[in-house]
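Notes for the structure review
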Amino acid sequence: MEFRDLRWAIVASQHRSLRQAAETLRVKQSTLSRRLRNLEHKLGGAIFERTKAGTRPTIEGQEFLDAARRIVNDTEAMTGRLKSRWRGESGLLNLGIHASFSAGNLRATLLEHQRRFPDVKPHFVDGSSDDLMSDLASSAIDIAFVAEPNPRWSDKSLLVWSERVVVALPEHHPLTARNVVHWGELRHEALLLSQHGPGPEFHKLLITKLGTSDPCPVLRHDMSLDRLLTLVGAGWGMLLALEGATGATYPGVTFREVHDAEGPTRLSFRAYRRQANGNPSLRPFLDLLRERYPDLSADPGAG
């Protein structure tokens, strides 16, 4: 028994005329009649009662057609789900996140992806650059957004955007009176530093900008960004962050850009992935990145 025979029998039951059913199916009436006869022969009984007034299901035929509808509907629904999954239009996408996305390009990209592919469910993993690269290598995540190049990664990556470096200050700190803060003004300030996210990159940046291995008092904490910002609001110190963190409001916290002699300091982001990744949901996400950041994604290091 072929799946096509079930569908043709269902269409025939929806019309009282084999001629009309054949027109709906775009086949010859003789072809439809022959297929239905063959189906009845396989079943060993009549599905349809044929009269001059038309064609209608027999009692046994109606029972068969009800079951056939369930089979066809379930099969078509399963096929639709699988096709959607293979096209990357549904499923799960595991994303490694290196920094806050309460504002900025990553937030906008994720929102646009959710709008286009509402049946793709994102799963976010937070971590340092090394942690995310390890998760990526072990296939625990599909893609990782990391600030600054990772020279140890030899697989694929896309240059996507850059974010300005900001400093989170207690709201009554004297530096809040300035429109921007310069690196030299941080030299004697207590700086909170997270061991998560881009904390290590910020420490390297401090050393580079201030020209010493011990640029300022650094208070390291094994805490997430939002908890550290709570400490800033309580006056425990200041905190370096990226502009993507400025979309949320924290009591007692004021953000200012950090500049050097050439203007704002920026950190570049790359989207890292494994070429051998087989998750279909990753392909349309990468297409979206290339669409939104074509000038960056086309650089010689992009892959």
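Throughout what follows, the structure given in this document is the object of discussion. (Residues numbered from 1 in each chain as written. Predicted model: local features only at pLDDT ≥ 70, side-chain atom pairs only at ≥ 80, totals over all residues. Heavy atoms only, no water.)

**Details of the overall build of the chain**
The number of helices and strands found in the chain is ten helices and 13 strands. C-alpha atoms of the chain, sized along the principal axes, occupy 100 × 40 × 30 Å. Sequence-distant contacts, at least 24 apart, represent 73% of the contacts inside the chain between residues at least 6 apart. Summing over all exposed atoms, the chain offers an accessible surface of approximately 16,200 Å²; the carbon and sulfur share of this is 50%. Positive and negative side-chain charges in the chain, numbering 40 and 36 respectively, have mean positions lying 11 Å apart. (Helix = DSSP H or I, 4+ residues; strand = E, 2+ residues; numbered from the N terminus. Contact = heavy atoms within 4.5 Å. Areas by Shrake-Rupley, 256 points an atom, 1.4 Å probe, with all protein chains shown as cover. Lys, Arg positive; Asp, Glu negative; His and termini not counted. Charge placed at Lys NZ, Arg CZ, Asp CG, Glu CD.)

**Some thoughts on helix α1 (residues 3–14)**
If you check α1, its first and last C-alpha atoms are 17 Å apart, about what twelve residues at 1.5 Å a residue would give, namely 16 Å. Of all the residues in α1, the buried ones are Asp 5, Leu 6, Trp 8, Ala 9, Ile 10, Val 11, Ala 12 and Ser 13. Summarising the contacts, the buried residues of α1 are in contact with α2 (18–25), α3 (29–43), β1 (48–51), β2 (54–57) and α4 (59–86). (Expected span 1.5 Å × (residues − 1). Buried < 20%, exposed > 50% of the residue type's maximum accessible area, 1.4 Å probe, protein only.)

**Observations concerning the pairing of strand β10 (residues 238–242)**
Most of β10 sits inside the fold, with five of its five residues counted as buried. Burial along β10 is two-sided: the face carrying Met 238, Leu 240 and Leu 242 and the face carrying Leu 239 and Ala 241 are both buried. When strand β6 (residues 156–170) meets β10, the two strands line up antiparallel, connected through four bridges. In the sheet register, Ala 168 faces β10, and the bridge partner there is Leu 239. Two elements, strand β8 (residues 191–194) and β10, share two bridges in a ladder whose sense is parallel. Bridge assignment links Leu 192 to a residue of β10, and that residue is Leu 239. (Pairing = 2+ DSSP bridges.)

**What to know about the layout of surface pockets**
Roughly 380 Å³ of volume is contained in the largest pocket. As for the largest pocket, its lining consists of 26 residues, of which His 98, Ala 99, Ser 100, Asp 126 and Leu 225 are closest to the centre. If you list the elements that add at least two residues to the lining of the largest pocket, you get β8, α7 (199–210), α8 (225–233) and β10. Looking at the lining of the largest pocket, the element that brings in the most residues is β10, giving four residues. Along the lines of polarity and charge, the residues of the lining of the largest pocket split into 15 nonpolar, nine polar and two charged. In this structure, the second largest pocket encloses a volume near 260 Å³. Taken together, 13 residues line the second largest pocket, and the ones lying closest to its centre are Ser 129, Asp 130, Pro 149, Glu 201 and Lys 204. For the lining of the second largest pocket, the secondary-structure elements that each account for two or more residues are α6 (129–137), β5 (143–147) and α7. Broken down by element, the lining of the second largest pocket gets its largest block of residues, three residues, from α7. (1 Å grid on protein atoms, 1.4 Å probe; cavity = no way out; pocket = protein on both sides within 12 Å on 5 of 7 lines; lining within 4 Å. Points joined across faces, edges and corners; volume = space filled by probe spheres on them. Nonpolar A, V, L, I, M, F, W, Y, C, P; charged D, E, K, R; others polar.)

**Observations concerning the packing of helix α5 (residues 105–116) against helix α9 (residues 282–292)**
Between α5 and α9, whose axes approach to 11 Å, the crossing angle comes to 125 degrees. Judged on the interaxial angle alone, α9 and α5 are oblique. In terms of crossing hand, the pair formed by α5 and α9 is right-handed. In this structure, α5 uses Ala 108, Thr 109, Leu 110, Glu 112, His 113 and Arg 116 to contact α9, whose residues at the interface are Phe 285, Leu 288, Leu 289, Glu 291 and Arg 292. Class assignment for the residues of the contact of α5 with α9 results in five nonpolar, two polar and four charged. (Axes fitted to C-alpha atoms, helices over the stretch in contact; angles between N-to-C directions. Parallel < 35°, antiparallel > 145°, perpendicular 65-115°, else oblique. Left-handed = near helix turned anticlockwise from the far one by under 90°.)

**Considerations on a nonpolar patch on the surface**
Together, Met 78, Leu 82 and Trp 86 line one region of the surface with nonpolar side chains, adding up to about 320 Å² of accessible area. Relative to the helices and strands, Met 78 is located in helix α4. (Patch = residues over 30% accessible without salt bridge, like charges linked within 9 Å, V, L, I, M, F, W, Y side chains within 5 Å. Salt bridge = Lys/Arg side-chain N within 4 Å of Asp/Glu carboxyl O.)

**A word on empty space enclosed by the protein**
Per the counting criterion, the structure on display carries one cavity of 30 Å³ or more. The computed volume of the largest cavity comes to approximately 40 Å³. Every residue lining the largest cavity is listed: Ile 97, His 98, Ala 99, Ser 100, Leu 106, Phe 145, Trp 161, Glu 163 and Phe 269. Partitioned by chemical class, the residues of the lining of the largest cavity number six nonpolar, two polar and one charged.

**Structural notes on α4**
The first and last C-alpha atoms of α4 sit 41 Å apart over 28 residues, in line with the 40 Å expected at 1.5 Å per residue. When we look at burial in α4, the residues that qualify are Gly 61, Phe 64, Leu 65, Ala 68, Val 72 and Ser 84. Buried positions along α4 lie against α1, α3, β1, β2 and β3 (90–97). Downstream of α4 by one or two residues, Gly 88 has phi in the positive range, about 80 degrees.

**Focus: the side chain of Thr 265**
Looking at the element boundaries, Thr 265 is found in the loop between β12 (263–264) and β13 (266–273). Relative accessible area serves as the criterion here: at 5%, Thr 265 is assigned to the buried category. Not counting the four nearest positions on each side in its chain, Thr 265 is found in contact with Glu 163, Arg 164, Val 165, Trp 183, Leu 205, Lys 209, Val 258, His 259 and Asp 260.

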